[in-house]
Amino acid sequence: MSTLGDLVLEVQEAAVVEAIARFYDQRETQWLADAVSDVLGQLRKLAPDPAGSRYHLRIELTPPDDPTDKPFWDVSCIKEGDPDHCGLDLSPWDEWLALHVPQSLLDKMTAAEIVAHCVWEMTFYGFTEEKIAAFRAELESSIKEIN
């Protein structure tokens with residue numbers, strides 16, 4: 001079974017950029033190619049964290065709650081034996097790299113499309129792990145204040 005890290009190493013940057021532009025309506029985004037290149041470069045230097053290997057990647061087009069909205073891509077993971085889906089947008093990138101990519105997903109999407117969805121989700125809160133960690137810390141601090 002492939003991991004996300006395996007796919008990251010094999011994909012062409014241009015194909016990932018094209019998939020993000022198509023799936024997330026970013027065709028006019030001038031900085032997209034540079035951002036994807038930077039992120040893929042960072043990912044290719046990381047060693048996968050075995051903690052992520054307990055999970056399987058899941059990517060599905062999900063119908064909206066409100067019929068006037070568009071469907072959206074749900075990128076999450078499932079722990080083996082657990083029916084609940086987990087979000088990974090605030091997780092360290094080395095955990096993402098160890099995710100198992102089921103053959104059923106590889107049968108539906110190209111490696112570049114799978115990586116594109118993951119890169120889009122991974123960078124939702126920033127294009128570096130440092131920015132994402134800072135956002136996560138700020139969020140955790142806010143939660144503590146509420147409790």
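Residues numbered from 1 in each chain as written. Predicted model: local features only at pLDDT ≥ 70, side-chain atom pairs only at ≥ 80, totals over all residues. Heavy atoms only, no water.

With 38 residues, the main nonpolar core has Val16, Leu43, Leu57, Trp96, Ile114 and Val115 as its most contacted residues. Within the residue set of this core, elements represented by two or more residues are helix 1 (4-10), helix 2 (13-23), helix 3 (32-45), strand 2 (55-62), strand 3 (72-79), helix 4 (93-97) and helix 6 (111-122). The dominant element in this core, judged by the number of residues it contributes, is helix 6, at eight residues. With near-sequence residues (within four places) excluded, Val115 lies in contact with Leu4, Leu7, Val8, Val11, Val16 and Leu40. (Core = buried A, V, L, I, M, F, W, Y, C linked by side-chain atoms within 4.5 Å. Buried < 20%, exposed > 50% of the residue type's maximum accessible area, 1.4 Å probe, protein only. Helix = DSSP H or I, 4+ residues; strand = E, 2+ residues; numbered from the N terminus. Contact = heavy atoms within 4.5 Å.)

Time to look at the environment of Ala33. Among the secondary structure elements, Ala33 is positioned in helix 3. Sequence separation of Ala33 and Phe72 is 39 residues, and the distance between their C-alpha atoms is 22 Å.

Counting across every chain of the model gives six salt bridges. The closest approach of N and O atoms between Arg44 and Glu13, which form a salt bridge, is 3.6 Å. Of this pair, Arg44 sits in helix 3 while Glu13 sits in helix 2, placing them 31 residues apart in sequence. Note on Glu13: relative accessible area 29%, which makes it partly exposed. (Salt bridge = Lys/Arg side-chain N within 4 Å of Asp/Glu carboxyl O.)

With that settled, the discussion passes to the pairing of strand 3. One face of the sheet, then the other: side chains in a regular strand alternate in exactly this way. Bridge count for strand 2 against strand 3 is eight bridges, and the pairing is antiparallel. Its bridge partner being in strand 3, Leu57 is matched across the sheet by Cys77. From the end of strand 3 to the start of strand 4 (residues 85-86), which pair antiparallel, there are five residues, and Gly81 there has a positive phi angle of about 85°. (Pairing = 2+ DSSP bridges.)

Let's shift gears to unusual backbone geometry. A positive phi angle, near 50°, is found at Asp25, a position not held by glycine. Of note, Asp25 is situated in the loop between helix 2 and helix 3.

This next bit is on the environment of Lys108. Inspection of the secondary structure assignment puts Lys108 in helix 5 (residues 103-108). Along the primary structure Lys108 and Leu46 are separated by 62 residues, whereas in three dimensions their C-alpha atoms are 27 Å apart.

To continue, consider the side chain of His56. If you trace the backbone, His56 turns up in strand 2. The residues touching His56, leaving out its near neighbours within four places in the chain, are Met1, Ser76, Cys77, Ile78, Glu80, His100 and Pro102.

None of the figures reported here should be taken as evidence of function without further support.
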